[in-house]
Amino acid sequence: MRFGEFLAYYLKSPLGIGSLAGSAGLALLGMALGLPFLPSAAGALALALLTGVVSLAGGAGARAIAEAKGVERARDVRRRVSEAEEIKSRLAGLRISDAEVAAALGAVVLAAGEYLESCKTRESYDPEANFALESALEIVGLHLSESNETSVERRFSLPDENPFEDPKGRVVAGLKEKASTLRRARLGMEGGLGAGERMAIEEELR
Amino acid sequence: MIRGKKNRAPLGVLAALLILFLAPAALPALSTDLESADITVVLGTEGKAEVFYRLYWKASGGKMHGFYFQGEAFEPVWNLERCFADLGDGSRVPLEIKALGSGRYDVVLERGKGFTGEAYYFLNYAGDFGSAGLVGLTRSVESGELIYFDWAPVQWDEPLKARTVRLVLPITVGGESLSEAERGAVPLRTEKSVNAENKVDFYGSKGGDGKYYLTLRFHQESPGPRAAQRLRLYFPRDYLPIAALGASASPSPGPGDLSQPLLPHAAEPEPLPEPTPLSKAARLPPAVALPLALGLVALALYAYSRKLAGYGKKAALVKDLSWAGDSWIPPKLFSGTYQVKGKVAQDLHPVQVALLLELPLARVVALMLEGLRSQGIAEVLEEDPLRIKILSAERAQEEHEEAFLACFDAEGRVLSGLLMDFFEARLKELQEALWDCDMEATKAYYREKLAEAELAEAEADGERLAAWRASNPHWHYWHGYYHVRRYPEHHAALGLPQELKAGYASFMKSSSCFSGCFVPAGAGGAAGADGAAGACYSACHNACHDACHSACHSACHSACHSACHSACVSGGGH
């Protein structure tokens, strides 16, 4: 961690904010008691620096920095999970007339739901799984676009300008792969072991 | 078409024996009589034509189920949507039409129904007159190049009180009645026999487009058994706007040959074999007749089991056939002539009502969106271009809703091709619901219902509004209907594909949908603005009926009747 980053986390921590606020309060108090501005400000700054050095030497500053970093990470996780939830919600809302594609999409939505539950429980996320969700949305978009084009081409007897070989098979395979990625991600977050493996461990420990 | 008497006679005797064996009391008692035949031929500009038969039958002494239809010069493409019978008790019964081979069809009331008294049977089919050589080009020394029309309705094996053929041509005229000058201006030439055998008249038939089309009427009083009504007409080449005749028509008979028969198949029919009298069969010794009859029963049962075994395969084919049928049979705006007066389809969805009342399609979309919004299923994010957000992942209660939501992509943008599919599907459903309904009465009913919905939705009294909604399962959409009518500015700027910005009638006629088909009002099938969507699935129905019919209608029935009534004319009420 670079010094600037270190300092930023300290200043964002409750200890950093408290020491700055306390120093500023003392400076204001000094000026209120009739002390000149410069000595008051210099005194406050010195106090803040002293508090920082002491807290860092004593370990409280490091803990504050770690906590601040944890808070920011949690915020980032929430944002990522929220984005993934939005995508999952859009996928779930889509109506696909083709039963096979709809079933594959259903598998993605189900796996995404389980993955997101796991994310919330463990306050974590898997970038690969999030990317898989985005990809699933894109794949379904391709399917719908192709269905629409096919309909228009059939209606107006137009040639197929953008041939798409075996669209259904490829879309279904793509969606199943994304569902698999999501399930793997959930499993990874839950320790990387499936129920069968965990049961085997339990049995071994008896 | 006419089989030799020698070949048919033994089978006829056997069949007669079987009938005597199986139903000794019923058959001799039934007496059927075809009173009159009204035929309308609507000739299109491509040389294809639609043919409508209205046959007035009387039956006594038993139940009449149907009759045999035979003698058309081409293979009819049946439109089962318009094949039905109006019975004396006011009911309407669809017909089952089974091909018996050699251009012969068994036309019966569905599910073995029968009637006593009187009934009108309505038949409708189409054919390519140009390809069949019934319409084509010829030449005369005096008149130059001509278009000929050479066709005859089927002959019947019994005398009729009257027979009328109306030929509707793709020529517009001023109105229903033609002045003397207009009549004189019709450059019609006929064979002498046409004038000698028919009373000929001219008038205008109103088409679905509001125009009147030249109609020639050929009327015969009391035509005898097997009497022909061959119509051999000629028009100057430039008079009839019929395209692509040169290549498809049969070879021209050449200059000065107008007096010769133009078409071999339209020549006068050969004398028909007399049906085998039952009394003759009955004179066979019982020792011969009984084994023969039992043998025939065994044969019939064997044939039936074979048919039944093949049914599965036929049923499997229906899916493919229906797809093919969708693509090659253009749906038609259907007519009011087949409506049951006063019959109203009372369970239409508000979206179907909107289509029936020709609300612009963009407003129908608005109605759908309003219905979905009020249920919390979707909301509009942008109007132009339209973008929605689907709020619920749960399956909607109505199929319409799911189908509508399937027309939007992952961004919530409308997919124009799928939205057109959506409207086509709704229009097909509408047609299925309305095929025999009185269009005006149905519209009036729903205008009243809409007024009621508007009153209810504007109701300040919460209890009364709740009661109205509770009694109307589609109230969200009645609410939507009310909303889009009450607030025309709401969703007024919906960005939709151009094809969907018109009413459904013009949508139906546009290349983005089906090709509209003209059926003039006087043709027993007036296309009207009142029509609904197309009958894409006639081929499917045909195949389905055929498959069902094959399985359910015993070989005994059809084979025996076929054998007994082997004449190549239509008739043989049974």
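Structural data are supplied above this passage.
Residues numbered from 1 in each chain as written. Chains lettered and ligands numbered in written order. Predicted model: local features only at pLDDT ≥ 70, side-chain atom pairs only at ≥ 80, totals over all residues. Heavy atoms only, no water.

### Concerning the interface of chain A and chain B
- With 15 residues of chain A in contact, the opposing surface of chain B contributes 25 residues.
- Approximately 1,600 Å² of surface area, both sides summed, lies buried where chain A meets chain B, with 53% of it carried by carbon and sulfur atoms.
- Where chain A touches chain B, the interface holds three salt bridges.
- B:Asp421 is the salt-bridge partner of A:Arg154, the closest N and O atoms lying 3.7 Å from each other.
- Joining chain A to chain B, the criterion identifies ten residue pairs in polar contact (both at pLDDT 80 or more).
- Only helix H4 (60-93) and helix H6 (127-156) of chain A provide two or more residues apiece to the side of chain A that touches chain B. (Contact = heavy atoms within 4.5 Å. Buried area = accessible area lost by both parts, 1.4 Å probe. Salt bridge = Lys/Arg side-chain N within 4 Å of Asp/Glu carboxyl O. Polar contact = N/O pair within 3.5 Å; in protein donor to acceptor, adjacent residues only side chain to side chain. Helix = DSSP H or I, 4+ residues; strand = E, 2+ residues; numbered from the N terminus.)

### Concerning the environment of B:Asp106
All names here are of chain B.
- Note that Asp106 resides in strand E7 (residues 104-109).
- Taking the relative accessible area as the measure of exposure, Asp106 reaches 0% and is therefore buried.
- A sequence separation of 467 residues divides Asp106 from Gly573, and the C-alpha atoms of the two residues are 9.9 Å apart. (Buried < 20%, exposed > 50% of the residue type's maximum accessible area, 1.4 Å probe, protein only.)

### So, the pairing of strand E5 (residues 84-87) of chain B
Residues and elements named next belong to chain B.
- Neither face of E5 is exposed, since Phe84 and Asp86 on one face and Ala85 and Leu87 on the opposite face are all buried.
- As paired elements, E5 and strand E6 (residues 92-101) share three bridges and run antiparallel to each other. Residue Asp86 lies in a different strand from E6, and its bridge partner there is Arg92.
- The hairpin formed by E5 and E6 contains four residues between the paired strands, and Gly90 there has a positive phi angle of roughly 90°.
- Judged from the four bridges that link them, E5 and strand E8 (residues 115-128) form a sheet pairing that is antiparallel. Counterpart to Phe84 in the pairing with E8 is Phe122. (Pairing = 2+ DSSP bridges.)

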